[in-house]
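# Examination of the molecular architecture
Read off the chains here:
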Amino acid sequence: MKIKTILLIGIMFLLAACGSTRITSEIYLLDIDELTDNDGMTTKVLIGLPITSQDECTESKQRYEGVFRKSTGFKGMEFVRCYESGYDNFAEYELEVPIRMVDPYQTSMQGTFEIIRHDDSASNTRNLYIRSNPKALCNLDKLIRDEFYQSLDLSEVSLPILVSNDLRQPQTLILSQVFVNGSPVTEPTEVVLERRDTLRIILSDVTSAWVFSKSCNIASRTALVATWASAE
């Protein structure tokens, strides 16, 4: 399986007492354009879990790694660093996430999170999705409760995504029910992304809550990020 970093996502899972989840990401359209059915691409996801202080980094790291070994979807986590952000401290881990060209509603999941491209031949568009595995999140939540006596709090998740056009021509995206460069877009709206331009998309609170829900009974949750309409 080849690893190609076409999407950089920093995901901060914070426990209830430690503030809200933080996510950043970047998608390069050239790499999405080159994606095929058999590519088997992956990207790295950074997950920052709260610790009491930097002095307790080693102890917290070992406790989290024990949780990951017992989990159903986080066994591949690799430690990156401990760091401080504002008044909070984190142990940061790295997880590989598949990037696939499949039908997100007809194909079973691989792993805990996925980035998906699904082409619509009738409209000649490409739909870009993010998909999660609520059962894996539910399992992690239970393990964290057992180890740390606090739940995995994803209630205030938001998902900012930077879409960068590294193709030779302008590209058209159709966006709806998101924030674009800080402004709300409620109806389907075409946005032209010039060459080397970057667009900042933030999923709505409702969509983010849908994607990052925890449930031991739901197989997957899928949300549309954007529709890639055409090249100019």
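Residues numbered from 1 in each chain as written. Predicted model: local features only at pLDDT ≥ 70, side-chain atom pairs only at ≥ 80, totals over all residues. Heavy atoms only, no water.

### Concerning the pairing of strand β6 (residues 78-85)
Quick reminder of the rule: A pair of strands is treated as paired once DSSP finds two or more bridges between them. Strands here are runs of E lasting at least two residues and helices are runs of H or I lasting at least four, both read from the DSSP assignment and numbered beginning at the N terminus.
Relative to strand β7 (residues 88-100), β6 runs antiparallel, the two sharing seven bridges. Residue pairing across strands places Cys-82 opposite Ala-91, the latter belonging to β7. Where β6 folds back on β7, the antiparallel hairpin that results is connected by two residues, among which Gly-86 adopts a positive phi of roughly 65°.

### Structural notes on unusual backbone geometry
This is how the line gets drawn: When accessible area is computed with a 1.4 Å probe and restricted to protein chains, residues below 20% of their type maximum are described as buried, those above 50% as exposed, and intermediate ones as partly exposed.
Even without being a glycine, Gln-177 presents a positive backbone phi close to 60°. Relative to the helices and strands, Gln-177 resides in the loop between β12 (171-175) and β13 (178-180). Residues other than glycine seldom take positive phi values, yet Arg-196 does so here, at roughly 70°. Among the secondary structure elements, Arg-196 is positioned in the loop between β15 (189-193) and β16 (198-203). Taking the relative accessible area as the measure of exposure, Arg-196 reaches 67% and is therefore exposed.

### Here's the deal with the nonpolar core
A general tendency of soluble globular proteins is for nonpolar side chains to be buried together. Put simply, the rule reads: To form a nonpolar core, buried Ala, Val, Leu, Ile, Met, Phe, Trp, Tyr and Cys residues must be joined to one another through side-chain atoms within 4.5 Å.
Phe-68, Phe-74, Ile-130, Leu-175 and Leu-199 are the most contacted members of the largest nonpolar core, which totals 53 residues. A per-element tally of this core places helix α3 (residues 134-148) first, with six residues.

### A look at the side chain of Thr-125
Counted only if it meets this: Side-chain atoms alone can form a polar contact between residues adjacent in sequence; in general such a contact is a pair of N or O atoms within 3.5 Å, and within protein one must be able to donate a hydrogen while the other accepts it. Only heavy atoms matter for contacts: two residues are in contact if any of them lie within 4.5 Å across the pair.
Of note, Thr-125 is situated in strand β9 (residues 125-132). For Thr-125, a relative accessible area of 11% corresponds to the buried category. Side chain to side chain, Thr-125 and Ser-123 meet in a polar contact 2.8 Å long. Sequence-distant contacts of Thr-125, that is, excluding residues within four places in its chain, are made with His-118, Asp-119, Asp-120, Thr-227, Trp-228 and Ala-229.

### Overview of the state of the cysteines
The condition is simple: Note on terminology: disulfide denotes any pair of cysteine sulfur atoms within 2.5 Å.
Here the structure, examined in full by the defined rule, presents two disulfides. Two residues, Cys-57 and Cys-82, share a disulfide whose sulfurs are 1.8 Å apart. With the S-S bond torsion at 80°, the cross-link from Cys-57 to Cys-82 turns out right-handed. With Cys-57 in helix α2 (residues 57-70) and Cys-82 in strand β6, this residue pair connects regions lying 25 residues apart in the sequence. According to the relative accessible area criterion, Cys-57 is buried, its value standing at 13%. A disulfide bridge connects Cys-138 with Cys-216, and the sulfur atoms are separated by 1.7 Å. Its S-S torsion of about -55° marks the bond between Cys-138 and Cys-216 as left-handed, since a negative value means left-handed. Of this pair, Cys-138 sits in helix α3 while Cys-216 sits in the loop between α4 (205-211) and β17 (221-231), and the two are 78 residues apart along the sequence.

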